[in-house]
Every structure is written in structure tokens, then in C-alpha cells.
Amino acid sequence: LAMATLLVWILATIVAFYGMMTVYVVSQALVGLVAGIEVKEVSIGLALPKSCALRWQGRYWQWQVGWLPFGAYAKFAGVDDELPLVEEAQPTSEPHASPLKSDRPIQDASFGARLLLMLVGPLSQLALGSVLLLVSPQLKSPQLQLVPREQSSIHPVSVSGLTFAEAQSTYA
């Protein structure tokens, strides 16, 4: 039972990491799209070359999900672009092009758009954390509380004398 609980917590942590990374890079990609910057790829998780878990072409950019929940990025046109070996023919027009789709590289964006692009990821994490903190008491989720040793049900091994007990979540 203890091993199953540990595996559930590990899996929940990995899912939480993927969720946080998704919010971070999708917010950057959406701001880039609205600012008229071409978004080439959104990658969530560490994907070694040619070994990602999932890859597909979305409406505005290519999605990639890596096996390990470390790191994420939104790749914009003009950032580390590889030079083509052969000049590729560029299509003249798309029949049903989206008004949000742009071919503009990030270097052509205004200073304000690039600044917003850099700030929106961290701001999205602050917003996500605030929402989770506000929702937690509503769900009556448990929190750990410092208590005297005789009242404790949790004894961390790494810090002697530190003891916790589960209590209902409150922010009053």
C-alpha cells in the first residue's frame, strides 16, 4: 500500500509539472501569435533528438511532448533557425489563412511585444499559483501543520524534531 501511494504521488507530481509547463509555454505562444510573431513549435518536457513521446502539427504550430518533465519552450521564427540546404519554394497564399497566422520573425516584433513575450510565462505561473491557492480551501484539501511530537502522525527522517499532522486547509 505504501509503494502504491508513493507511485501515485510521483505520477501526480509529474502530471503537475507537465501542467505548469503547458500553461507557461502556451501562454507565451498565444501572446506571440496575437503579436504577429510566427510560432514554429511548442515543446513540453525534455525531448531528446528524434525521441519525443508525441509530436503533431496543430493549427498554428507544431506540438511536441517529451518523455521527461523537465523544461519546455515555444520556438519562434528567427530564433536558431537552421539554414536550408536548398532554397524552398514559398507558397504565395493560403486559401483559408487565419488572421492570427504570421510569418514575422521575433526580431521584427516591437520591443513591447518581445518584453511581454518574456514576462507572460512567469506571470502565467503566478496566476496559476494564485488560482490554486484560492481553490484549495474550497476543496477542503488537507495541509500539513507543525504540531508537538506527541500529536504528530508524520515524522520526516531528514530533520530531527520536526513533526507534522494533517489539518483542513484554511487561509484565515
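In case you missed it, the structure is sitting above this.
Here is a short report on the structure shown in this document.

Basis of the calculations
- Residues numbered from 1 in each chain as written.
- Predicted model: local features only at pLDDT ≥ 70, side-chain atom pairs only at ≥ 80, totals over all residues.
- Heavy atoms only, no water.
- Helix = DSSP H or I, 4+ residues; strand = E, 2+ residues; numbered from the N terminus.
- Buried < 20%, exposed > 50% of the residue type's maximum accessible area, 1.4 Å probe, protein only.
- Contact = heavy atoms within 4.5 Å.
- Areas by Shrake-Rupley, 256 points an atom, 1.4 Å probe, with all protein chains shown as cover.
- Pairing = 2+ DSSP bridges.
- Axes fitted to C-alpha atoms, helices over the stretch in contact; angles between N-to-C directions.
- Phe/Tyr/Trp six-rings, centres within 6.5 Å; stacked < 30°, edge-to-face > 60°.
- Core = buried A, V, L, I, M, F, W, Y, C linked by side-chain atoms within 4.5 Å.
- Polar contact = N/O pair within 3.5 Å; in protein donor to acceptor, adjacent residues only side chain to side chain.

**Considering the overall build of the chain**
Counting its regular elements, the chain contains two helices and six strands. Traced from its N-terminal end to its C-terminal end, the chain shows the element sequence α-β-β-β-β-α-β-β. The buried share among the 172 residues of the chain stands at 27%. Nonlocal contacts in the chain, meaning residues at least 24 apart in sequence, comprise 57% of its contacts between residues at least 6 apart. Carbon and sulfur atoms make up 66% of the accessible area of the chain, which amounts to about 12500 Å² in all.

**With respect to the sheet that holds strand β4 (residues 68-76)**
Strand pairing in a sheet relies on backbone hydrogen bonds, with the paired strands running either antiparallel or parallel. Strand order across the open sheet formed by four strands is β2-β3-β1-β4, with mixed pairing between neighbours. Edge positions in the sheet fall to β2 (54-57) and β4, since each of these pairs with one other strand and no more. Strand-to-strand, the axes of this sheet are offset by a mean angle of 10 degrees, without reference to chain direction. Against the sheet, helix α1 (residues 2-34) touches β1 (39-46), β3 (62-65) and β4, its axis set at about 5 degrees to β4.

**Things to note about the packing of aromatic side chains**
Applying the stated rule across the entire model yields three aromatic pairs. Pairing W56 with W63 gives two aromatic rings, centres 5.7 Å apart and planes at 10 degrees, and the pair type is stacked. Assessed through its relative accessible area of 38%, W56 is described here as partly exposed. With centroids separated by 5.7 Å and ring planes inclined at 55 degrees, the aromatic side chains of W61 and W63 adopt a geometry described as tilted. Comparing W61 with W63 shows no difference in burial state: the two are buried. Members of the aromatic cluster, joined through ring pairs, are W56, Y60, W61 and W63.

**A look at the pairing of β2**
Summarising the sheet, β2 and β3 pair through four bridges and their orientation is antiparallel. Among the inter-strand pairings, R55 is bridged to a residue of β3, identified as Q64. Linkage of β2 to β3, two consecutive antiparallel strands, is achieved through a turn of four residues.

**So, the nonpolar core**
Formed by 22 residues in total, the largest nonpolar core has its most connected members in V42, I44, W61 and F76. Counting only elements with at least two residues in this core, the list comes to α1, β1, β3, β4 and α2 (111-138). Here this core gets seven residues from one element, more than from any other, and that element is α1. Excluding its chain neighbours within four sequence positions, the residues that come into contact with I44 are Y18, M21, T22, V25, W63, Q64, V65, G66, G71 and A72.

**Quick notes on the side chain of S43**
Relative to the helices and strands, S43 resides in strand β1. Under the relative-accessibility criterion, S43 is labelled buried at 1%. Reaching out from S43, the side chain makes a polar contact with the side chain of Q64 at a distance of 3.3 Å. Setting aside residues up to four positions removed in sequence, S43 forms contacts with V25, Q64, A72 and Y73.

This is a description of form; function is not addressed.
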